[in-house]
Structure formats: structure tokens, C-alpha cells
Amino acid sequence: MAEIMRVEDREALAAVEDLPVLTAAELDADPHGMFRRYRAAYPVVRHETGGYFVLRHADIERLSTDARMAASETARPELFGVTEGALFDLFKEGMLTANGAVHRRRRSPFSRSFAARTMADLRPHIRRASDELIESWYADGQVEFVDRFATQLPARVIGDLLGLPRADIPSFTELVYAVTRFLSTSILPDEVPESESACQKLRIYVERTLEDRRRTPRDDFLSDFLAKADAAGELSPLEIVFQIVQLIIGGTDTTRVAVVMQLALLLQHREQWDAVCRDPSLIPDAVAEAMRFEPSVASFSRVTTEDIEVSGAVLPARQFVLLSTMSAARDEEAYERPHVFDIRRTDQPRLLPIFGAGAHRCLGEALARIELEESLAALAARIPQLRLDEAPTIRGHSGIRRIDIMRISWQP
Ligand code: HEM
């Protein structure tokens, strides 16, 4: 891929005509408001750090499968001056940032095991894990939900899928969240060393786990993947390690934030929470609507390989482009009353944009949806009398978004 322009390359950006430049501060203060204000007049806006946002649903759908929009390979770590080490390898060796045949080679060993039909077998297990977490604090009558449930569930599910010992989950979870920070555009340069160190530790942990499975195969997902990957001989040892690291990273913070936001939104719209408790068949629609209304992932990124016209604006070649699914999810052209949270809406697209589109569409979508549905089902069945004492604040306008705390209580 052609070398990407660095953020400081202002001269090149100056050639990019009259598109508004939005600052991180104003976007962080009111992301929905800012996107709404600009979306009608501008299909594309610029970010002060040099990238571009595509704002409209139809444009994002089209660009997601446009071959001129390439995955960013190692461009992101390079922008931070990271040119070697575990974080760099995550981008160099992983499927998410790979293109063409390399991407297909890295993703295909997982396609079948992550398909909806296979993942459905995990539903009872995920429900049990949710029930167990709830029981661990139910008698207290109140809990800080982010730490004691939402952080635990995705890490436990992915840990169980990989057959990791339960005792490793707390330290493993900490490492995962430290690495994930690097995927958020709000990360500051001085936070990068902590992410690098966590990524290094995670890589070693995965390497050891894989060595263990090679020595003593089990009847589990990891042993199965390893046997097939070794037999096919298409992935290098480093690629094998980093596909697993990427699965772990992709499957935790994204789901954690979504688990929190769906409960918060339902409790903030009490009639809809009560409806879900009375009628669990509403749960899949509730999950979809929460992801539309307050998505845990705000955008996915690409690099333009040439100038691309987007509804009258031009995305210049060799630029970072953020396809803002967060903006698309409230596009007035795509949804009726997009700024209203309504689990009964009938205009939800079959493929939820929040999971991306095209070759890189989320590999873990089926798993994520089951986690979201089963955690909600467990909470609605066990504690319908839930009260929201302190709502979480969700921040961020690109990449994975962040939440703080959420306090709930009930009469046991
Ligand atoms: C609510 C939860 C989730 C959301 C919102 C989400 C969102 C996304 C998005 C938008 C992409 C596409 C990125 C792109 O096109 O550049 C993606 C890719 C990916 N996701 Fe997820 N994800 C979630 C959960 C999960 C889970 C549970 C796993 C794994 C266990 C996972 C693993 C992956 C992987 C491996 C990729 C890369 C796929 C590829 O490049 O071919 N995700 N995800």
C-alpha cells in the first residue's frame, strides 16, 4: 500500500477545499449533535487530526465494499511512531488490518467456528455465566454494574471459548483492556507504552497457551483451530498467535460497552424495560435498537488508495477515513425518528451497520449478539424490579467508545 500521509502533513490537507474541520473536543462534548448538525449539508467532514469522517448511511454502505478503501495495515501504529513490538505486530499480522488474499488467509480458518449456527451452541453456556455473575451480588441489593458484570462477561466467554483457566481471567481481562485503549482514537501518546507492555504480555500468554495445546490437545476450539492451522500450513507461527490475540481484543471492550448501554437505555425508558421483562421475545429487537442508538463502536477505518468521490465531496488519496457508523445509525434518510429510542421500530436493516460491512464485517457478530441477548434475558428474568441509580456516561466519537460507571439497585 502507498505510504499514508502523516498527521503533520498540513500542506496536503490544505488542498482539500471547504469541508468543515471538527475538533476532538467538540465531537467529544456532543458527538450525536455534531454529526446531526453536519450530516445534512456535508457527506464528509474533516477531523482536526487529519482524518476524514463519512457521515451518511448510504455512502458508508457503498464505501464498505469499495476496493479503493483499503484496510490500514500498519498505518495506525506508524502514526504514533510505533514501528516495532507487539502492538505493531498486532496490526502487521492480524486480520483486521490486512488486505486481499492475506486477509482471506487469516480470516478463513475462523469463518465456520464463528458462524451463527455454531455459536448458537454457546447460548446455554453464556446464559449460565450471566446467571452466575448476577447471583454473585444479587443478595447485596445493589451493584456497580460495569465492573461486576459487563467487564466480566465478555472476558469470561472468550476465556472459556479458548479454554483459559478461570483463575487467569482477572489478569487477562486487565491486559486486554489496556491493549484495547490503543484502538480508541482518544488515546494519548503517553498512554501508548502501557498498551505496548500489555500487548507484549498478552502475546506471551497466548503463545504459552498455544504451546500447551500443541503438547496436550483437548476437545476444544483452540486445539481444533491449531490442528487445522498447522495442517494447512498457511499461517506463520506469528500469524497464528496474533489472530488469537485479535479475537480476544475484538471480543471484549466492544461487547462490554454494549452490555452496559443496552441496560442503561432500557432502564431510562422504563416502559420498554418493563415490556422486555414481560415479553422476552422483544429482546433481540431491544439489543439491536440499543446498538443503533448508542453504539459501542463508533466507526471503522480505511485508507483511500486513490481520490474517491462521495456524494459530491472528494476523499483524497492516501488518507485515513473513518466510516462513522455512529452517525449513520441516526441518519434521517435511513430511519424514521432516528433520535428516538424505540425497541419496536420496524426500520432496522437486516444487517446492523454497527458490525461493519464487506470483507471485514465483524467475525464475532453472532457471539456478541448472543452475549447481549442472554445477559439481558438473565437480568430481566432475575431482577425485573431493577432501578437505575447512576447512569453511565458514554464518550467517544470514533473507534471503540468508553463508559465510566453505572449503579443499579433492587429489593432482593
Ligand atoms: C457489540 C460487539 C461488537 C461490535 C460492535 C463489533 C464491531 C466490529 C466492527 C465494526 C468490525 C469491522 C471493522 C472493520 O471493518 O474495519 C469488527 C471486526 C471484527 N470483530 Fe467485532 N464487534 C463486536 C464484537 C466482537 C466479538 C465478540 C468478537 C470475537 C470474539 C469480535 C471479533 C472481531 C474480529 C476478529 C474482527 C475482524 C474481522 C476481519 O477483519 O475480517 N467482535 N467488529
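For the structure, check the block above.
Rules of the game
Residues numbered from 1 in each chain as written. Predicted model: local features only at pLDDT ≥ 70, side-chain atom pairs only at ≥ 80, totals over all residues. Heavy atoms only, no water. Near = heavy atom within 4 Å. Polar contact = N/O pair within 3.5 Å; in protein donor to acceptor, adjacent residues only side chain to side chain. Helix = DSSP H or I, 4+ residues; strand = E, 2+ residues; numbered from the N terminus. Nonpolar A, V, L, I, M, F, W, Y, C, P; charged D, E, K, R; others polar. Donors = N, O, S within 2.8 Å, 3.2 Å for Na, K, Ca; no water. Pairing = 2+ DSSP bridges. Axes fitted to C-alpha atoms, helices over the stretch in contact; angles between N-to-C directions. Salt bridge = Lys/Arg side-chain N within 4 Å of Asp/Glu carboxyl O. Buried < 20%, exposed > 50% of the residue type's maximum accessible area, 1.4 Å probe, protein only.

## What about the site of the ligand?
Taken together, 26 residues sit near the ligand, with His103, Arg107, Arg302, His360 and Cys362 positioned nearest. Measuring from an oxygen atom of the ligand, one finds a side-chain N or O atom of histidine 103 at 2.7 Å. Contact between the ligand and arginine 302: an oxygen atom at 2.8 Å from a side-chain N or O atom of the residue. Listed by contribution, the elements that provide at least two residues to the shell around the ligand are helix 7 (100–111), helix 15 (237–250), helix 16 (253–268), strand 6 (300–304) and helix 20 (365–382). Examining the composition of the shell around the ligand, we find that 3 residues originate from one element, helix 16, more than from any other. For the shell around the ligand, the class distribution of residues is 15 nonpolar, 9 polar and 2 charged.

## A few points about the coordination of the iron atom of the ligand
Exactly one donor from the protein chain reaches the iron atom of the ligand: Cys362 (SG), at 2.3 Å. Here cysteine 362 shows up in the loop between helix 19 (325–328) and helix 20.

## A few points about the sheet that holds strand 5 (residues 142–144)
Pairing is antiparallel across the open sheet formed by 3 strands, whose spatial order is 5-13-10. Edge positions in the open sheet fall to strand 5 and strand 10 (387–390), since each of these has one partner strand only. Going across the sheet, the axis of each strand differs from the next one's by a mean of 25 degrees, ignoring polarity. Bridging between strand 5 and strand 13 (residues 407–409) involves 3 bridges; their strand directions are antiparallel. From the neighbouring strand, glutamate 144 faces strand 13, where its bridge partner is arginine 407.

## Focus: the pattern of salt bridges
Tallied over the entire structure, the rule returns 33 salt bridges. Between aspartate 253 and arginine 256 there is a salt bridge, with its nearest N and O atoms 2.8 Å apart. Of this pair, aspartate 253 and arginine 256 are both found in helix 16, 3 residues apart, which corresponds to roughly one turn of the helix. Across the pair, arginine 256 and aspartate 253 agree in class, each one buried. One network of salt bridges, with partners in common, ties together Asp212, Arg213, Arg215 and Asp220.

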